[in-house]
Amino acid sequence: MQQTKNILEVVVNSFKCLKNFSIVEIISSFILISFAIWTLFVHCIMFIVHGNFHDLVQWSFIVPFVSVATLLFIYQIESPQPKPTPDTTVLSEKKPDWMALAIAISLVAILVTAKPISPNGRFYLFWLLAMLFLAVNWFRIGVITEHATFAPAAILPKERAVFGLTIIASILFIAFLHRENGDDRIYLSMAVWSIENPAKPLLSGNGILWGEGLPLLLSAYKLHTLELMWAFFAYLNNIAPIYVAHIFFPPLFAGWVVLCNSQLLRVLVPKYWLHSLLIFIFLMLALGGETRAGFSMFSFILLQFGKSVVVSATLPLLILFAIRFMESGSRKEWLLLFFGQIAALGLSSTAVFIAPTAVGLTLLACWRRNLLSTKRLMIGVSSSVYLLGMGLFIRSLMLQSYSTFSGGMGVTNNIIKVFGDGPHLYIYLLAAVGAWTLIADTDRRRLFLSLSLFYFALIWNPFLQPFWMEHLTGKMVYWRMFYTIPLPAMAAVLILAPVSAWSRGWLPSPLTLLTVIVVLLGLSRFPQWVGLWSLGLPIAITALVILTIIQINGFFQRVAATLALATLLVALAHFDTDRILRRAPISKSNFVHFHKPGLRVSEKAYSAAKHLVSIAPYDRSTLVDYEIGVWVPTLLKSPLLVGSNGKEQHNMLSNWLDKEERERRTLLLHYITGKNPSPDAGKILADAIKIYQIGSAVSKLSNPQLDEIHKVFLSAGFRFEEKLGYRYWVVQ
């Protein structure tokens, strides 16, 4: 009895270490650490034990206990914690550097107006001028001082309700937001395959394409553990993994995104962290729909994918931990950096290179000119050892199969893929080049400037990019390196600068913004300025409304005004896309829909896929229209596909499928989908029925080749039926 009492006393005392930390930090850190432990657990079973899904389920009870123990161990480590500061005392009265800001605006203007120059020439010129500008100012204002403290802002009582409502609203908003994406077939097929092959080594087979012994499309996917978590919860609840991935996880991750970014903003812009957080959410939901690989798409819109969670939640936390480690040198912060990067790796293999890069850039930005800071820099870099080791291992496997270190896009195309080539590009470039000029606190100004300088010197550098593509990322995915500094947070600072300037008396009144709005409306009459109008007008209106909110007396009135602003902006972005917020991420033009929580699928194509699976023989392959083929691999007990997504995914298996085989599968996929058929496609299909043991097929009724395809299948002894606008053939 006494022994039990002693054990309980030890446990209770262990939890007391958490009382000195905010609930926001505890929750966000626990999610991060728990997923890191899950990732280590899965990697251990996969690479060391060579176990299977049965082993994973059997020993999974270890994970929650180890996660809690790890959290308590980390937070018991004593470290000099900067005391949270009120929102009004942390910033000095340093005015914005108006001259430097004007130069930054001029640099972006050069990029906008230099259209006679080739795209490469424009970006090279901009990079050269930006590097010169940032380097001169870095030497002019110096590095961060030795006595700098990046204390987070305290969450004041009057801010808690707005912050809590923001988290709840984000969770509910994402629960009702739906956007389908074709990559579901890749990631969900991994979960489906694991459930259906519980006795085979983890992720050792291909759950998409028909063929004996075909592996995963990319060896790098072996590092993923999010998909196995989907499989684990789906197995326990006896449901398909797609329900876990689409209904449960996105709202959970939405709340985590808000928590993670709030922690970073409380350090970067303490006085206006809550306003910056609201603007960050606005940016992610209302701006940037012009590109499918930008910050906005990889934030709230596509939270069913691990790489979106890495970009929008994990990287901000890693940047925060890196800042705190360089400030304190604490083992606690190093361990958080270590486990944070492992968690990012489990979410997406992209983290192999972007997580260490984000950490490294932040460590460099926080470096001081002394031996202690240099030592901390080296120790901080060592927190990436696990990712670097796994990266080398996976690189060797990928070079044995399909090499992503060849082909791909050039320097300019990588930039445009992430930032677009319009207003969305210019605001992020201005944030990267000039946001530091608007920071009032001297050391935070130096931090922003250093982040920008090293970002341009190492990531934007057109002379280094070929080297990184060849030896680090591969040409196909180098564009993901542009996520490695908190550009959305910096853009929020840029937009909120008038708030700070007005509150300090540096601007006469909100009339300044009214003038800006009038100018923007005037410019909208000229076609060449319509991009500036479509971007600048909502930003100016937002800043004006925030200025108004600040002047409102009464806490509940401010809460109501803030919620009204958020509702107005979301409604404007979704319903008025042809006028002010063109191609907003949450607009209908970006294929976003709002309805009750459910699957993020094309309902017609998904229903057709479910019907196919219900009538098709499981032990034979299927040839289906591309739209249906997206969803067939996400269903349990579904037949494998003859072709998927044309050449791209077929080429990923070049060591297992020769060129002739890849071209034949691509031709068959195009034929059944109605794209550019070969003159002898009918004969190739007739032969393919025997080669691939095709047991079922589906094509749209609108397919121009439908009659020809129908004759081939009838000749092979298939029966047919029509439903949902598709014709189905099933072997008798």
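Reading guide: rules and limits
Residues numbered from 1 in each chain as written. Predicted model: local features only at pLDDT ≥ 70, side-chain atom pairs only at ≥ 80, totals over all residues. Heavy atoms only, no water. Helix = DSSP H or I, 4+ residues; strand = E, 2+ residues; numbered from the N terminus. Contact = heavy atoms within 4.5 Å. Areas by Shrake-Rupley, 256 points an atom, 1.4 Å probe, with all protein chains shown as cover. Patch = residues over 30% accessible without salt bridge, like charges linked within 9 Å, V, L, I, M, F, W, Y side chains within 5 Å. Salt bridge = Lys/Arg side-chain N within 4 Å of Asp/Glu carboxyl O. Buried < 20%, exposed > 50% of the residue type's maximum accessible area, 1.4 Å probe, protein only. Pairing = 2+ DSSP bridges. Phe/Tyr/Trp six-rings, centres within 6.5 Å; stacked < 30°, edge-to-face > 60°. Core = buried A, V, L, I, M, F, W, Y, C linked by side-chain atoms within 4.5 Å. Lys, Arg positive; Asp, Glu negative; His and termini not counted. Polar contact = N/O pair within 3.5 Å; in protein donor to acceptor, adjacent residues only side chain to side chain. Axes fitted to C-alpha atoms, helices over the stretch in contact; angles between N-to-C directions. Parallel < 35°, antiparallel > 145°, perpendicular 65-115°, else oblique. Left-handed = near helix turned anticlockwise from the far one by under 90°. Nonpolar A, V, L, I, M, F, W, Y, C, P; charged D, E, K, R; others polar. Arc of directions from axis to C-beta. pLDDT = per-residue confidence, 0-100.

1. Quick notes on the overall build of the chain
Here is step 1 of the chain: Looking only at helices and strands, one finds 31 helices and 6 strands in the chain.
Here is step 2 of the chain: Contacts spanning at least 24 positions in sequence make up 76% of the contacts within the chain whose residues lie at least 6 apart.
Here is step 3 of the chain: For the chain, the accessible area works out to roughly 29400 Å², and carbon and sulfur atoms hold 64% of it.

2. Some thoughts on a nonpolar patch on the surface
Here is step 1 of the chain: Judged by side-chain polarity, Trp59, Phe61, Ile62, Phe65 and Val66 come together as a nonpolar surface patch covering roughly 500 Å² of accessible area.
Here is step 2 of the chain: No other element matches the 3 residues that helix α4 (residues 62-76) contributes to the nonpolar patch.
Here is step 3 of the chain: Summarising the element assignment, Phe61 is placed in the loop between α3 (53-59) and α4.
Here is step 4 of the chain: A relative accessible area of 46% means that Phe61 is categorised as partly exposed.

3. Quick notes on the pairing of strand β5 (residues 718-723)
Here is step 1 of the chain: Relative to strand β6 (residues 726-731), β5 is paired through 6 bridges, and the arrangement is antiparallel. Along β6, the bridge assignment pairs Arg719 with Val730.
Here is step 2 of the chain: The antiparallel pairing of β5 with β6 creates a hairpin that spans 2 residues between the two strands, and Leu724 there sits at a positive phi of about 60°.

4. A look at the packing of aromatic side chains
Here is step 1 of the chain: Scanning the entire structure with this criterion turns up 42 aromatic pairs.
Here is step 2 of the chain: Their ring planes at 50° and their centres at 5.7 Å tell us that Trp38 and Phe232 sit as a pair that is tilted. Of the two residues, Trp38 is situated in helix α2 (residues 23-48) and Phe232 in helix α9 (residues 226-237); the sequence distance between them amounts to 194 residues. Of the two residues examined, Trp38 and Phe232, each falls in the buried class.

5. With respect to the pattern of salt bridges
Here is step 1 of the chain: Across all of its chains, the model carries 15 salt bridges by this definition.
Here is step 2 of the chain: In this structure, Lys307 and Asp183 form a salt bridge, with 3.8 Å as the shortest nitrogen-oxygen distance. Residue Lys307 is found in helix α13 (residues 306-328), and its partner Asp183 is found in the loop between β1 (177-178) and α8 (184-196); the two are separated by 124 residues along the sequence.
Here is step 3 of the chain: Exposure remark for Lys307: the relative accessible area of 8% places this residue in the buried category.
Here is step 4 of the chain: A salt bridge links Arg324 to Glu333; the nearest nitrogen and oxygen atoms lie 3.2 Å apart.
Here is step 5 of the chain: Judged by relative accessible area, Glu333 falls into the buried class, the value being 1%.

6. Digging into the nonpolar core
Soluble globular proteins: nonpolar side chains tend toward being buried together.
Here is step 1 of the chain: Counting residues in hydrophobic clusters, the biggest one holds 218 residues, and the most contacted among them are Leu56, Phe300, Phe419, Phe456 and Trp460.
Here is step 2 of the chain: The element best represented in this core is helix α10 (residues 241-268), accounting for 15 residues.
Here is step 3 of the chain: If sequence neighbours within four positions are ignored, Phe456 has contacts with Phe126, Trp127, Ala130, Met131, Leu134, Ala432, Val433 and Asn461.

7. Describing the side chain of Arg600
Here is step 1 of the chain: Relative to the elements of secondary structure, Arg600 occurs in the loop between β2 (593-594) and α26 (603-615).
Here is step 2 of the chain: Buried within the structure, Arg600 lacks any salt-bridge partner; Asp184 is the closest side chain of opposite charge, at an N-O distance of 8.0 Å.
Here is step 3 of the chain: Here Leu177 takes part through its backbone oxygen, which lies 3.4 Å from a polar atom of the side chain of Arg600.

8. Some remarks on the packing of helix α15 (residues 351-365) against helix α20 (residues 442-458)
Here is step 1 of the chain: Orientation of α15 relative to α20, taken along the N-to-C sense of each, is 130°, at an axis distance of 8 Å. When the interaxial angle is binned, α15 and α20 end up oblique. Here α15 and α20 pass one another in a crossing that is right-handed. Of the residues in α20, those in contact with Leu361, Thr362, Leu364 and Ala365 of α15 are Leu447, Ser450, Leu451, Phe454, Tyr455 and Leu458.
Here is step 2 of the chain: Taken together, the residues of the contact of α15 with α20 sort by class into 8 nonpolar, 2 polar and no charged.

9. As for the sheet that holds strand β3 (residues 621-624)
Here is step 1 of the chain: In space, the 4 strands of this open sheet follow the order β3-β4-β6-β5, with mixed pairing throughout. With one partner strand each, in any of the chains shown, β3 and β5 form the two edges of the open sheet. The mean inter-strand angle of the sheet, taken between neighbouring strand axes irrespective of direction, is 15°.

10. Notes on the packing of α10 against helix α11 (residues 273-286)
Here is step 1 of the chain: Where α10 contacts α11, the axes come no closer than 9 Å and their chain directions differ by 135°. Taken as axis vectors, α10 and α11 run oblique relative to one another. Two packed elements cross with a definite hand, and for α10 against α11 that hand is right-handed. Of the residues in α11, those in contact with Val257, Val258, Asn261, Ser262, Leu265 and Arg266 of α10 are Trp273, Ser276, Leu277, Phe280 and Ile281.

11. Quick word on the environment of Tyr671
Here is step 1 of the chain: Residue position: Tyr671 is located in helix α29 (residues 659-673).
Here is step 2 of the chain: Counting along the chain gives 10 residues from Tyr671 to Ala681, while the straight-line C-alpha distance between them is 7.0 Å.
Here is step 3 of the chain: Discounting chain neighbours no more than four positions away, the residues touching Tyr671 are Pro677, Ala681, Gly682, Leu685, Asn703, Gln705, Glu708 and Ile709.
Here is step 4 of the chain: Here Glu708 takes part through its side chain, which lies 2.8 Å from a polar atom of the side chain of Tyr671.

12. Details of helix α31 (residues 706-715)
Here is step 1 of the chain: Listing the buried residues of α31 in full gives Leu706, Ile709, His710, Val712 and Phe713. With its buried residues spanning 160° around the axis, α31 presents them on a single face. Turned more than 90 degrees off the buried face of α31, the exposed positions are Asp707, Lys711 and Ser715.
Here is step 2 of the chain: The inward-facing, buried residues of α31 abut α29, α30 (681-691), β4 (694-700), β5 and β6.

13. Considering unusual backbone geometry
Here is step 1 of the chain: Despite not being glycine, Leu203 has its phi angle at roughly 50°, a positive value.
Here is step 2 of the chain: Here Leu203 lies in the loop between α8 and α9.
Here is step 3 of the chain: The backbone of Lys637 shows a phi angle near 55°, a positive value even though the residue is not glycine.
Here is step 4 of the chain: Looking at where Lys637 falls in the secondary structure, it is placed in the loop between α27 (626-629) and α28 (646-651).
Here is step 5 of the chain: Judged by relative accessible area, Lys637 falls into the exposed class, the value being 52%.

14. A word on the confidence of the model for the chain
The predicted coordinates ought not to be read in detail in places where the model reports low pLDDT.
Here is step 1 of the chain: Mean pLDDT over the chain: 82, with 78% of residues reaching 70 or higher.
Here is step 2 of the chain: Note on residues 402-407: pLDDT is under 50 here. Beyond four places in sequence and across chains, it has 21 contacts.
Here is step 3 of the chain: Scored below 50 in pLDDT, residues 505-511 makes 15 contacts in the model with residues more than four places away or belonging to other chains.

15. Focus: the side chain of Thr484
Here is step 1 of the chain: Here Thr484 is to be found in the loop between α21 (465-473) and α22 (487-503).
Here is step 2 of the chain: Discounting residues that sit within four places of it in the chain, Thr484 has contacts with Ile319, Ile354, Thr357, Ala358, Leu361, Tyr455 and Ile459.

16. Thoughts on the environment of Leu653
Here is step 1 of the chain: In this fold, Leu653 is placed in the loop between α28 and α29.
Here is step 2 of the chain: Linking Leu653 and Leu214, residues 439 residues apart in sequence, is a C-alpha distance of 7.8 Å.

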